[in-house]
Amino acid sequence: MFNTASTTPEKLLQMLAALLLFAAVLGVILFFAGRLGGRRGDKWVGYLYLLPVVLMLLVGLVYPGLRTIYESFFDAAGKAFVGVDNYKTIFTSEDQLVVLRNTVFWVVLTPFLATGIGLVYAILVDKSRFESFAKALIFLPMSISFVAASVIWKFMYEYRPDQANVQQIGLINQIIVWLGGKPVQLLIESPLNTFLLIIVMIWIQAGFAMTVLSAAIKAIPDDIVEAARLDGVNAWSMFRKITVPSVRPTIVVVLTTIGIGTLKVFDIVRTMTGGNFKTSVVANEFYSQTFRADNQGLGAALAVLLFILVIPVVAYNIRQVRQSEAR
Amino acid sequence: MFGQPTSPRFRAVLAGTLSAGVVFGMAACGDSKGSDSGSTDAAKSSIDCAPYTKFGDLKGKTVSVYTGIVTPEDTPQINSYKPFEQCTGVTVKYEGDKSFETQILVRAKAGNPPDIGIVPQPGLLKQLVATGKAVAAPPETEANVDKFWSKDWKTYGTVDGKFYAAPLGANVKSLVWYSPSEFKDSGYTVPTTLDELKTLSDKMVADKKKPWCAGINSGDATGWPVTDWMEDFMLRLYGPDVYDKWVNHQIPFNGPEATAALDAVGAYLKNPAYVNGGLGDVKSIASTTFQDGGLPILDGTCEMHRQASFYAANWPQGTKVAEDGDVFAFYLPGKDTSAKPVLGGGEFILAFADRPEVKAFQTYLSSDTWANIKAKLSSGWVSANKGLDPNNLTNPIDQLSAKILLDPASQFRFDGSDQMPAAVGSDSFWKQSTAWITGQDTKTTVDNIEKSWPK
């Protein structure tokens, strides 16, 4: 239906039709909801309103999810049942083990470093004269898309050979040259390259961590801070015994949120190295196996693995959000 | 979020507004680029509709074309359809997409294929036919192909004995770019055998020059130029028959032939004395984009760059690509002068519908009429269509390519990695070649590729 319209009036007409369809569905629901009156009816009205959402989730999330799990037990063409072979490949093949290793690097380093930097930065600029300016500076990367950020950093790491009449165009290599070193092919040396990619993610996410944590720090009741001051604590104790415990639930939420984002990281790897030079991660490998190597079984298995890895983090994240809201 | 109590009516309006956004977004996704009828052709009145009468009146009919040919090459492509559109009354809807190669599979599997897809690889063609959505070429198209193309070209468009796709464009990969003036000044001559190529390279080294430059970085397709090198050497060292066996996996990827071929490439690409002119050491081949790989020739820091005819588009504006210009290419010689193996690539027209207008368009694209129209419109394009008059080609490199392609002595072979299964041809072959450039030894490389071949 959506492919038939090519001219603008046709498209507008199509949109109108879709809107009418939507209104009709809504009308039917409201009609039935209206007929269910009384106290007992309220519950049913609630269910009725939930119905469209549940249906959409079933079609758009649950079915594809189950289908992916099902496909992960099949071969490359999705025809022959192979049992857990695809999962075996993930945990035994040399290439895939590098992918898993990189994913571990990403997930362990990014959330903690980004949150740590964000927290320290939030405390340092808190109530300072340039607070809003300083915050804007670190928050800006957050507004840049992952792909754009990767392109920027690709230039940072760019390499030009060590030859007469050849100038470095990458900042990092230029600094190395100024310091008397020889330019390095930063994105090719493994495992250094993975850490260099992680820096990009931290650069993006630290601003997010800083903003959320700064708000939490401002919400610490003044009487607690004053009481601590009267007791004569030094800056370190204030940080360790007052600030961190007070914002602990927020720290956990920030950590887990960044953790989930990191598990799914794809854009940065794809843009900067294309997963070459041993920098691939699960999400990127899932894409290249499914769409490039035409190995749907392995692709699906990688997607399932990613799903399994994300679930505990998401569950923990939701619990923490609830707890901090309950306060 | 909103203060209680909220009236149900307000909530309904709110929900409606939100969903309208979603629906609107979906409608926008169905966008496709129609052939730009706005730019009018100056030659409109001079079109001779005689060759088109056989297609009949197709007024009001539409054919959708989906392709990876995007700007700037799409303009001559779209314009070459114009005479057909004007004479038959059909509308061709052209949709160019950089990620054509993945999206076409998705669309075919989802039951939403275009009428015609321009498929650049025989391997992908097989995959598409395997989806069951493609339709065989009509007899008229097949007759054109029998008439205008050599047998091997027809084979590439044939799957399981059934002819599906007529060839469209072609390119020659067995080319080495060089600077004619630099060759003249230094007294170098274009080599005619592989041994001469080696001698020439050594001579350049003796003259304190880096003979070769290369770049294989190409996003997630990084590594493909190495596969072309290896295919060229496989073809030269062992001939077309062994090459075909290797491509079809009748001999193993880690057999003695393939190992020797990759080692022969290594004698150039992994030889620190030979590479990487103007770009760094051996490893810099991996970080240099394929677009930048040959540019040092212009700076005089590199002498030779092996890359396909389409590399002509990569030279900066104002570079004269001609035998008496800034850069030109010579044919990568065979083992001796008697054999003329040519490695190349091309696109194929695969139909997913058998409506009369689609069949007519397929037949038009496989004709000599179209090939000659396209030749006049574009630069950096050739076809192996025997009906193509090389004089219609506008630039010297295209004329050279056409000469090589149409030479009866040439033994043309299609790019091997494009014919191998995707798990090899567009995955492990690329990845392992990249690892090979950055230090992995030849044996591990061919062993790993052999291991990845689907059973």
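Computed from a prediction, not measured in an experiment: that's the story for all the values here.

Another point: the overall build of chain A. A tally of helices and strands in chain A yields 13 helices and 0 strands. Along chain A, from the amino end to the carboxyl end, the secondary structure elements read α-α-α-α-α-α-α-α-α-α-α-α-α. The C-alpha atoms of chain A give 26 Å as radius of gyration, which overshoots the globular expectation for 327 residues (20 Å, by more than 25%). Seen along its three principal axes, the alpha-carbon backbone of chain A occupies a region of about 75 × 65 × 50 Å. Buried positions account for 31% of the 327 residues belonging to chain A.

Here we come to the sheet that holds strand 7 (residues 175-178) of chain B. All names here are of chain B. As summarised here, the arrangement of the 3 strands in space is 8-7-9, forming an open sheet in which the pairing is antiparallel. The open sheet has two edge strands with one neighbour each: strand 8 (304-306) and strand 9 (328-331). Taking each pair of neighbouring strands and ignoring which way they run, the sheet shows an average axis angle of 30°. Here strand 7 runs beside strand 8; their pairing, made up of 3 bridges, is antiparallel. Note on strand 8: the bridge partner recorded for Val176 is Arg306.

Our next topic: the environment of Asp85 of chain A. Topologically, Asp85 of chain A is positioned in helix 3 (residues 85-92). For Asp85 of chain A, a count of 16 C-beta atoms within 10 Å puts it in the partly exposed group.

As a further point, take the domain arrangement of chain A. We note that the domain assignment places domain 1 (8-58) and domain 2 (85-155 + 191-326) within chain A. Distance from the C-alpha centre of domain 1 of chain A to the C-alpha centre of domain 2 of chain A: 38 Å.

Turning next to the pairing of strand 1 (residues 62-67) of chain B. Residue and element names in this part refer to chain B. Burial of strand 1 is extensive: 5 of the 6 residues sit out of reach of the surface. Of the pairings in the sheet, the one linking strand 1 to strand 2 (residues 91-96) comprises 6 bridges and is parallel in character. Among the inter-strand pairings, Val65 is bridged to a residue of strand 2, identified as Tyr94. With respect to chirality, the unit in which strand 1 leads through helix 2 (residues 74-88) into the neighbouring parallel strand 2 is right-handed. Of the pairings in the sheet, the one linking strand 1 to strand 3 (residues 116-119) comprises 3 bridges and is parallel in character. Following the sheet pairing, Val65 is matched in strand 3 by Ile116.

Residue and element names in this part refer to chain B. What helix 17 (residues 442-452) keeps buried is the set Thr445, Val446, Asn448, Ile449 and Ser452. In a view along the axis of helix 17, the buried residues occupy a sector of 160°, so they form one face of it. Residues of helix 17 that are buried in the fold lie against helix 10 (256-269) and helix 16 (422-437).

Below, the discussion takes up the domain arrangement of chain B. Residue and element names in this part refer to chain B. Segmenting chain B into domains produces domain 1 (46-172 + 344-413) and domain 2 (175-343 + 418-452). Between domain 1 and domain 2, the C-alpha centre-to-centre distance is 29 Å. Taken together, the elements giving at least two residues each to the side of domain 1 that touches domain 2 come down to helix 4 (122-130), strand 6 (166-172), strand 10 (341-351), helix 15 (396-406) and strand 11 (411-414). Counting residues per element, the side of domain 1 that touches domain 2 draws most heavily on helix 15, which supplies 5 residues. Per-class residue counts for the side of domain 1 that touches domain 2 are 9 nonpolar, 11 polar and 2 charged.

For the rest of this paragraph, the subject is the pairing of strand 7 of chain B. All names here are of chain B. Residues of strand 7 alternate between two faces, with Leu175 and Trp177 on one and Val176 and Tyr178 on the opposite face, all of them buried. Relative to strand 9, strand 7 runs antiparallel, the two being bridged by 4 bridges. Bridging across to strand 9, Leu175 finds its partner in Tyr331.

Residues Ala209 and Leu213 of chain A together with Leu128, Ile349 and Leu350 of chain B are the most contacted members of the largest nonpolar core, which totals 174 residues. Per element, the largest residue contribution to this core is 13 residues, and it comes from helix 8 (residues 192-218) of chain A. Setting aside residues up to four positions removed in sequence, Ala209 of chain A forms contacts with Ala114, Thr115, Gly118, Leu119, Val254 and Ile258 of chain A.

This part is about the environment of Lys359 of chain B. Summarising the element assignment, Lys359 of chain B is placed in helix 13 (residues 356-365). Setting aside chain neighbours within four positions, we find Lys359 of chain B in contact with Pro138 and Asp354 of chain B.

The next point concerns the packing of helix 4 (residues 94-125) of chain A against helix 8 of chain A. All names here are of chain A. It is at 6 Å that the axes of helix 4 and helix 8 come closest, and there the two elements cross at 40°. Classified by the angle their axes make, helix 4 and helix 8 are oblique. The two elements helix 4 and helix 8 cross, and the hand of that crossing is right-handed. Partitioned by chemical class, the residues of the contact of helix 4 with helix 8 number 18 nonpolar, 7 polar and no charged.

Now for unusual backbone geometry. With an omega of 5°, the peptide bond running from Ser190 of chain A to Pro191 of chain A counts as cis. Residue placement: Pro191 of chain A occurs in the loop between helix 7 (171-178) and helix 8. A cis amide bond, omega 5°, links Val275 of chain B with the succeeding residue Asn276 of chain B. Along the chain, Asn276 of chain B falls in the loop between helix 10 and helix 11 (284-287). One non-glycine residue with positive phi stands out, namely Phe277 of chain A, at about 55°. By the secondary structure assignment, Phe277 of chain A is in the loop between helix 11 (267-272) and helix 12 (282-292). Phi at Asp294 of chain A takes a positive value of approximately 55°, unusual for a residue other than glycine. By secondary structure assignment, the location of Asp294 of chain A is in the loop between helix 12 and helix 13 (296-326).

Here we come to the packing of helix 8 of chain A against helix 10 (residues 235-263) of chain A. All names here are of chain A. With their axes 10 Å apart at the nearest point, helix 8 and helix 10 run at an angle of 150° to one another. Compared by their axis directions, helix 8 and helix 10 come out roughly antiparallel. In the crossing of helix 8 with helix 10, the sense of the turn from one axis to the other is right-handed. Along the contact surface, helix 8 presents Met201, Gln205, Ala209, Val212, Leu213, Ala216 and Ile217, while helix 10 presents Thr243, Val247, Thr250, Ile251, Val254, Ile258, Gly261 and Thr262. Within the contact of helix 8 with helix 10, the residues separate by chemical class into 10 nonpolar, 5 polar and no charged.

The next subject is the environment of Ile318 of chain A. Checked against the element boundaries, Ile318 of chain A lands in helix 13. Taking the C-alpha atoms as reference points, Ile318 of chain A and Thr256 of chain A, separated by 62 residues in sequence, lie 9.4 Å from one another.

Let us now look at the confidence of the model for chain B. The predicted model of chain B averages 87 in pLDDT, with 90% of residues at 70 or higher. For this predicted complex, the interface score ipTM comes out at 0.81, alongside a pTM of 0.83.

The rules we used
- Residues numbered from 1 in each chain as written.
- Chains lettered and ligands numbered in written order.
- Predicted model: local features only at pLDDT ≥ 70, side-chain atom pairs only at ≥ 80, totals over all residues.
- Helix = DSSP H or I, 4+ residues; strand = E, 2+ residues; numbered from the N terminus.
- Rg over C-alpha atoms; globule rule 2.2 N^0.38 Å.
- Buried ≥ 20, exposed ≤ 12 C-beta atoms within 10 Å, placed from the backbone.
- Pairing = 2+ DSSP bridges.
- Axes fitted to C-alpha atoms, helices over the stretch in contact; angles between N-to-C directions.
- Domains from an automatic or database assignment.
- Right-handed = clockwise from strand over helix to strand, strands pointing away.
- Arc of directions from axis to C-beta.
- Contact = placed C-beta atoms within 7 Å.
- Nonpolar A, V, L, I, M, F, W, Y, C, P; charged D, E, K, R; others polar.
- Core = buried A, V, L, I, M, F, W, Y, C linked by C-beta atoms within 7 Å.
- Parallel < 35°, antiparallel > 145°, perpendicular 65-115°, else oblique.
- Left-handed = near helix turned anticlockwise from the far one by under 90°.
- pLDDT = per-residue confidence, 0-100.

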